[in-house]
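# Tertiary structure, described
These are the residues of each chain, in order.
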Amino acid sequence: MDVRMEAVQPDAGADADARPGAAPGPGAAPAPGAVARALQALDNILRSLGLEGKGRIVFGAFVLAAWILSGIYRVEPDEQGIVLRFGKWVDTEEPGLHYHFPYPVSRVLLPKVTQVNELQLGGSAEFAPGSTGNPTTTTGAGTTAPGTARSDLANQMVTGDENIVIAEYVVFWRIKNAGEYLFHLSDPQATLQMAAESSMHAVIGEYPIQAALSDKRQEIADHAKEMLQRILDRYQAGILITQVQLQRVDPPAAVIDAFNDVQRARADKERARNEAEAYANDVLPRARGEADRMNEEASAYKEQVVNVARGEIQSFLSVYETYRQAKDVTSWRMYLDSMDQLLRKSGKVIIDSSGKGGAGLVPYMPIAEGRDKGAAAAPAPGAPR
Amino acid sequence: MTPQRLALGAALALALLAVLSLYTVDQSEQALVVRLGAPVGVVRDPGLHVKLPLVDTVIFYDSRLLPLEPPLEQIILGDQKRLEVQVYARYQISDPLLYYQSVRTLEQARSQLTQIVSSALRRELGQVMLSALLSEERRPITDVILNETIAKAQPLGITVRDVRIRRADLPPETSQAIYDRMKSERQRQAKELRAQGFELAQQIQARADRDRTVILSEAQRQSLTTRGQGDAEANRIYAQAFGRDPRFFEFYRAMQTYRQALAESSPTLVLSPNSELLKYFGNGTRDLRP
């Protein structure tokens, strides 16, 4: 009795269910009588189909031809044909029409080698390895049982400074070497997932949280990709990682408020600075304008006093000129002119015939008569206080 | 029995013999041939092979890398920090005979390997610090675990190809403490940022205020200087002109004052008839007569 241990189904193969090598054991050997009965039955079937004599030979030839032609197969442009003869990998065919020995001698596996597959890790899709449209993959989902119940913790990663982040990432891969992919790993997809998780956790563990959250994300993804490819190459998995994308790196929900508050604080800082700068931008030009005004006013004043002085001395000089020509007359006339003006404005003129001037009168007279109280109340300059 | 029947029977017997003595080894398999209970050979070459019918039994083993995913384990590290570690391993049946003799079944192999990996993991991680695990030293640490596992699994006919830490998480009880620390760190940062904002704002505003004061006082200084210059210039002009005849200037200026400033105040005048102004008031035309 043959014992087939760990005969895990090949992961990728168009006709994976065909097991030509599974020879029936000795216990299945039919008795000679049974053989005769079977032949009789076959004979009856053929007879009922109306096949006798020559017809039988034609029928046999037809069956033989069909059997031989069943070895024709087509490799699609996105596939590679892996030809197995008695289970041994003998050939790798490129796209096109090909022939192999018919069953049970040879069979062919047709993995899709150009298709880029996507494996979403972290987040809700964690345990449904995305094999987008790859119908040949059957394992993977079933082999990740440990940890499934802990999916809330599954995408948590510890950063280099012992903080925790939650990361979601996608691995894009395709088959690099179909033979290796098919025959070196019993569960290529699950292995890919394990290796991807392992490398992403390891890489994130080398970075501090701030770097993982912001500017170093691309670097982390690149490192993880390199590491993952290295691991897979060591397994000779025949898988090429085309890209690792770090989609989302967040602090855990429990602390996200604190992180957001840091962002707000950063904005607040910026705002405070902007406001202060707005204030400065408002104050300084005004001050400069005011300074300009003061300077202009001062120069205006300067011009003014100089001009007035010039004008005054001009008028003085003119008067002086006439005065020089007739000193007595001019000065007397000027005196009278001035007195004229003064007396015209004066409210009261008292002529004191005592000849002592106003000295005798002053004590008895109200100096101000309500006309200009302020001026009268003002103490005389130099008067004792 | 016709000769035809005889030939057919012989052909069938031959086919039966072929079925009983031929077997194929798949590309992903290897086989152990056991003759009446005694192992006689290992077939690693995939393809069609021959055995003795009825006597030989062929046991097939997977030749590919096989998965091993031990359950999550809580491990106390060298610095007494606890860590939930999940590893995965990939192994190969490298010696089917040894494998057949020592473990026989897949379940047995898995449980033994799991124990080997687990003990290696505990021993190694029990000596390292968390900080070492979270750095580039992780690689050498896992290498030690791998080497130990390889050595221990060798007698089972198994070659362990890789043991890797799939994830290493802090347990939920510790997570809370970490969260608190993360929170307080962020709060510190936020406070610092806001204070920095205040600092910046104050700096900028104070500088602006200072600049304004400087600008204005500068302007004041300049304008006062300019005004003084104007006054000085005016004085110079006056002095130059009036210096020609100071006595006349005195008179001229006094007249101006009488006429303008004094007259503006509408004064009450007390005049003496003896004054020069009123000399004609009392004397009439006496002075004019020769």
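One structure accompanies this document, and this report is about it. (Residues numbered from 1 in each chain as written. Chains lettered and ligands numbered in written order. Predicted model: local features only at pLDDT ≥ 70, side-chain atom pairs only at ≥ 80, totals over all residues.)

## Notes on the overall build of chain A
From N to C terminus, chain A includes ten helices and eleven strands. Here chain A holds 385 residues, and 28% of them are scored as buried. Sequence-distant contacts, at least 24 apart, represent 69% of the contacts inside chain A between residues at least 6 apart. (Helix = DSSP H or I, 4+ residues; strand = E, 2+ residues; numbered from the N terminus. Buried ≥ 20, exposed ≤ 12 C-beta atoms within 10 Å, placed from the backbone. Contact = placed C-beta atoms within 7 Å.)

## Here's the deal with the interface of chain A and chain B
Taken residue by residue, the interface counts 114 residues in chain A and 110 residues in chain B. At 39 residues, helix 8 (residues 256-325) of chain A tops the list of elements feeding residues into the side of chain A that touches chain B. Classifying every residue of the side of chain A that touches chain B by side-chain character gives 64 nonpolar, 24 polar and 26 charged. (Nonpolar A, V, L, I, M, F, W, Y, C, P; charged D, E, K, R; others polar.)

## With respect to the packing of helix 9 (residues 327-345) of chain A against helix 7 (residues 246-264) of chain B
Axes are the key here: two packed helices are described by the angle between their axes and the distance separating the axes. Interaxial distance between helix 9 of chain A and helix 7 of chain B falls to 8 Å at its minimum, and their mutual angle equals 15°. Between helix 9 of chain A and helix 7 of chain B, the angle falls in the class roughly parallel. Where helix 9 of chain A crosses over helix 7 of chain B, the two elements pack in a sense that is left-handed. Along the contact surface, helix 9 of chain A presents S331, M334, Y335, S338, M339, Q341, L342 and K345 of chain A, while helix 7 of chain B presents F251, M255, Y258, R259, L262 and A263 of chain B. Partitioned by chemical class, the residues of the contact of helix 9 of chain A with helix 7 of chain B number nine nonpolar, three polar and two charged. (Axes fitted to C-alpha atoms, helices over the stretch in contact; angles between N-to-C directions. Parallel < 35°, antiparallel > 145°, perpendicular 65-115°, else oblique. Left-handed = near helix turned anticlockwise from the far one by under 90°.)

## Observations regarding the nonpolar core
I204 and L228 of chain A together with A89, L113 and I158 of chain B are the most contacted members of the largest nonpolar core, which totals 86 residues. No other element matches helix 5 (residues 188-204) of chain A, which puts nine residues into this core. In contact with I204 of chain A, not counting residues within four places along its chain, are M157, T159, V165, A167, A212 and I220 of chain A. (Core = buried A, V, L, I, M, F, W, Y, C linked by C-beta atoms within 7 Å.)

## Quick word on helix 7 of chain B
Residue and element names in this part refer to chain B. With 19 residues, helix 7 extends 26 Å from end C-alpha to end C-alpha; this agrees with the ideal 27 Å at 1.5 Å per step. Along helix 7, the sharpest change in direction is near 35° and occurs at Y258. Just downstream of helix 7, S266 is the residue with a positive phi angle, here 45°. (Expected span 1.5 Å × (residues − 1). Bend = angle between axes of the 7 residues up to and from the residue.)

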